[in-house]
Amino acid sequence: MRHRSVADLMTPTAVAVQRGTSFKEIARLLDEYGITAVPVVDEENRPVGVVSEADLLRRHTAKDGPSTAEAMMSSPAVTARPSWTAVEAARLMERHRVKRLPVVDADGRLIGVLSRSDLLQLFLRRDRSIQEEIREDVIVRILRLSPSAVHIDVEEGRVTLSGTLERPNLGPILVRLCEAVDGVVEVVDRMTYEEGRGAP
């Protein structure tokens, strides 16, 4: 199975600002591009922080100190790598309570931005493509079963498995593998086994 990576999901050529960019210019960029935060980069295009809508509102309310990106940004920037899986990026977002991650290359230079809405694209996969991946990758390639051994029904990302397998110990493995497929929301196991009992 090939999980879609950060590179597959991110928005490339991200909007970014310099340390000295003003409050008004940042607000204009957020509005123009319909985004909620913008990376702050140094002279070599390496992220040094992030300015969000919350940072702008906080500075506007406080009305003290300079209103530049450097003064308002959250620092250091929490970044992701293009080779990461969506799950790795989502966990980092959750751990740091951020909604967007600047994506950097091996030299630490900005190449894109990954947002929560980008991650949600995983769950907008067509049911048919999920079904095909389960049949071809999970059933045939990994478990080495006949493609007709398991009936796979997918509706709105909810996978229902039915059919008869020889070994009951395959049930939990099959379910775990299906749960790991991008776009799967839930797996319902309705398999039966030739030994006369359901999955443990």
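Overview of the structure. (Residues numbered from 1 in each chain as written. Predicted model: local features only at pLDDT ≥ 70, side-chain atom pairs only at ≥ 80, totals over all residues. Heavy atoms only, no water.)

Some points on unusual backbone geometry
Thinking step 1. Cis rather than trans, the peptide bond between S75 and P76 has omega equal to 0°.
Thinking step 2. If you trace the backbone, P76 turns up in the loop between α4 (69-72) and α5 (86-96).
Thinking step 3. The backbone of N45 shows a phi angle near 65°, a positive value even though the residue is not glycine.
Thinking step 4. Mapped onto the fold, N45 is located in the loop between β3 (37-41) and β4 (47-52).
Thinking step 5. The phi angle at R144 is positive, at roughly 55°, despite the residue not being glycine.
Thinking step 6. Here R144 lies in the loop between α7 (127-142) and β7 (150-155). (Helix = DSSP H or I, 4+ residues; strand = E, 2+ residues; numbered from the N terminus.)

Considering the pattern of salt bridges
Thinking step 1. Taken as a whole and assessed by the stated rule, the structure comprises 11 salt bridges.
Thinking step 2. Residues R58 and D55 are paired through a salt bridge, measuring 2.8 Å at the closest nitrogen-oxygen approach. Of this pair, R58 and D55 both sit in helix α3 (residues 53-62), three residues apart, which is roughly one turn of that helix.
Thinking step 3. A residue is classified by how much of its surface remains accessible, and R58, at 52% relative accessible area, is exposed.
Thinking step 4. Two residues, D107 and R109, come together in a salt bridge whose shortest N-O distance is 3.7 Å.
Thinking step 5. In this structure D107 comes out as partly exposed when scored by relative accessible area, which is 48%.
Thinking step 6. For R109, a relative accessible area of 29% corresponds to the partly exposed category.
Thinking step 7. Through salt bridges with shared partners, a single ionic network connects R19, E43 and E70. (Salt bridge = Lys/Arg side-chain N within 4 Å of Asp/Glu carboxyl O. Buried < 20%, exposed > 50% of the residue type's maximum accessible area, 1.4 Å probe, protein only.)

Side note on the sheet that holds strand β6 (residues 110-115)
Pairing between the strands of a sheet is mediated by backbone hydrogen bonds and can be parallel or antiparallel.
Thinking step 1. An order of β1-β6-β5 is seen for the three strands of this open sheet, with the pairing classed as antiparallel. Lying at the two open borders of the sheet, with one neighbouring strand each, are β1 (11-12) and β5 (100-104).
Thinking step 2. Bridge count for β1 against β6 is two bridges, and the pairing is antiparallel. When the sheet's bridge partners are listed, T11 is paired in β6 with V113. (Pairing = 2+ DSSP bridges.)

Examining the nonpolar core
Thinking step 1. Judged by nonpolar contacts, the single largest core of 22 residues is most densely connected at I134, V138, V150, V159, L161 and L174.
Thinking step 2. Residue assignment for this core shows that the elements contributing at least two residues are α7, β7, β8 (158-165), α8 (170-179) and β9 (186-193).
Thinking step 3. Here V150 is in contact with I139, L161, S162, L165, L174 and M191, once residues within four sequence places are set aside.
Thinking step 4. With 14 residues, the next largest nonpolar core counts V17, L30, I35 and V51 among its residues. (Core = buried A, V, L, I, M, F, W, Y, C linked by side-chain atoms within 4.5 Å. Contact = heavy atoms within 4.5 Å.)

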